[in-house]
Amino acid sequence: YANRLLAQPGVFDDQAKTYRIIQGIATVKKKNKDGVLFDPAGARYELPVPLIWRHDWAIPLGRVTAIKVTPAGLWFEGRLADGCLEWSERCWEHLKYGRVPAVSLMGWNLPPYTGQWNLFEISLCEEGACDEALIRVVKSVLNPNIVYLDNRKRETIHLDARNNVEPSDLRRRSMVSVQTAMSV
């Protein structure tokens, strides 16, 4: 359902003035709270990977457009839909203000277990199974396909948690915000 909804005309408008982008870490090389290891180097996927709200495939947010293995873990970048989905604006507000800081994924280990696994979705939520799986950057970027002749900023950073922020700090801020935020 999510893939069909995201493929509809107008969901991703290449002529939109700005793109809504998030970046973060989807998993790291250690067992999560459930005792499952999703080794970043073993990820198998086909881009674009669906970007989902709280693992609910009826509420897709966008597409993961880039993934790479880094020393910090499995880094990803995703583009959120351009606002035509009824829930996208509320979800975007939650992301911009750090109310939903965690990343969770859906994947399956490939038998026999050799460290490889299939990645099926990246989900944005209040808390995931991997403490280090967090949204690190939330930003609006001017459409790279449009030429601007003035000196306007090319991007607006809404949230930047890349430097000097412990995962527990983001989670603590999120839990306070979630208690007062409206439900999506």
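Summarised in this report is the structure supplied together with it.

What counts and how
Residues take numbers from 1 onward in each chain, read along the sequence in its written order. Note on the predicted model: pLDDT of at least 70 is required for a residue's local features to be given, and 80 or more for side-chain atom pairs to be given and counted; whole-chain, interface and lining totals, by contrast, use all residues. As a convention, hydrogens and water are excluded, and side-chain values are obtained from all of the structure's heavy atoms. Under the DSSP-based scheme used, a helix requires at least four consecutive residues in state H or I and a strand at least two consecutive residues in state E, with every element numbered from the N terminus. Only protein chains enter the area calculation, which uses a 1.4 Å probe; residues under 20% of their type maximum are buried, those over 50% are exposed, and those in between are partly exposed. What makes two residues a contact is simply this: any of their non-hydrogen atoms within 4.5 Å. Only centres within 6.5 Å qualify two rings of Phe, Tyr or Trp (six-membered ring in Trp) as a pair; their planes then separate them into stacked at under 30 degrees, edge-to-face at over 60, and tilted for everything else. Any carboxyl oxygen of Asp or Glu within 4 Å of a side-chain nitrogen of Lys or Arg constitutes a salt bridge here.

Attention now moves to the overall build of the protein chain. Of the regular secondary structure elements, the protein chain holds three helices and nine strands. Beginning at the N terminus, the succession of helices and strands in the protein chain can be written as α-β-β-β-β-β-α-β-β-β-β-α. The 184 residues of the protein chain split such that 47% are buried. For the protein chain, contacts bridging at least 24 residues in sequence account for 69% of all contacts bridging at least 6.

This next bit is on the environment of alanine 81. With respect to the helices, strands and loops of the structure, alanine 81 is situated in the loop between β5 (73-80) and α2 (88-96). A sequence separation of 62 residues divides alanine 81 from tyrosine 19, and the C-alpha atoms of the two residues are 8.4 Å apart. Dropping the residues within four chain positions of it, alanine 81 is found in contact with Val11, Phe12, Arg20, Leu61 and Gly62.

Before going further, it helps to examine the packing of aromatic side chains. Using the criterion set out here, one finds two aromatic pairs in the structure. On the basis of an interplanar angle of 65° and a centroid distance of 4.8 Å, the ring pair of phenylalanine 38 and tryptophan 117 is categorised as edge-to-face. Pair noted here: phenylalanine 38 is in the loop between β1 (18-25) and β2 (43-44) and tryptophan 117 is in strand β7 (residues 117-125), with a separation of 79 residues, a long-range link. Neither phenylalanine 38 nor tryptophan 117 differs from the other in exposure class; each is buried.

Bringing α2 into the picture now. Along α2, the residues that are buried comprise Ser88, Cys91, Trp92, His94, Leu95 and Lys96. With its phi angle positive at about 75°, glycine 98 sits one or two positions after the end of α2.

The subject of this paragraph is the pattern of salt bridges. Where side chains of opposite charge bring their charged atoms close, a pairing between them can arise. Following the criterion strictly, the structure yields eight salt bridges and no others. Of the charged contacts in the structure, one is a salt bridge between glutamate 89 and arginine 20, with a shortest N-O distance of 3.0 Å. With glutamate 89 in helix α2 and arginine 20 in strand β1, this residue pair connects regions lying 69 residues apart in the sequence. Overall, glutamate 89 belongs to the partly exposed group, its relative accessible area being 40%. Ionic pairing is found between glutamate 126 and arginine 54, a salt bridge with its closest N-O pair at 2.5 Å. Of this pair, glutamate 126 sits in the loop between β7 and β8 (135-142) while arginine 54 sits in the loop between β3 (49-53) and β4 (56-70), placing them 72 residues apart in sequence. Residue glutamate 126 is classed as buried on the basis of its relative accessible area, which comes to 16%. A network of salt bridges, in which partner residues are shared, links Lys33, Glu127 and Asp131.

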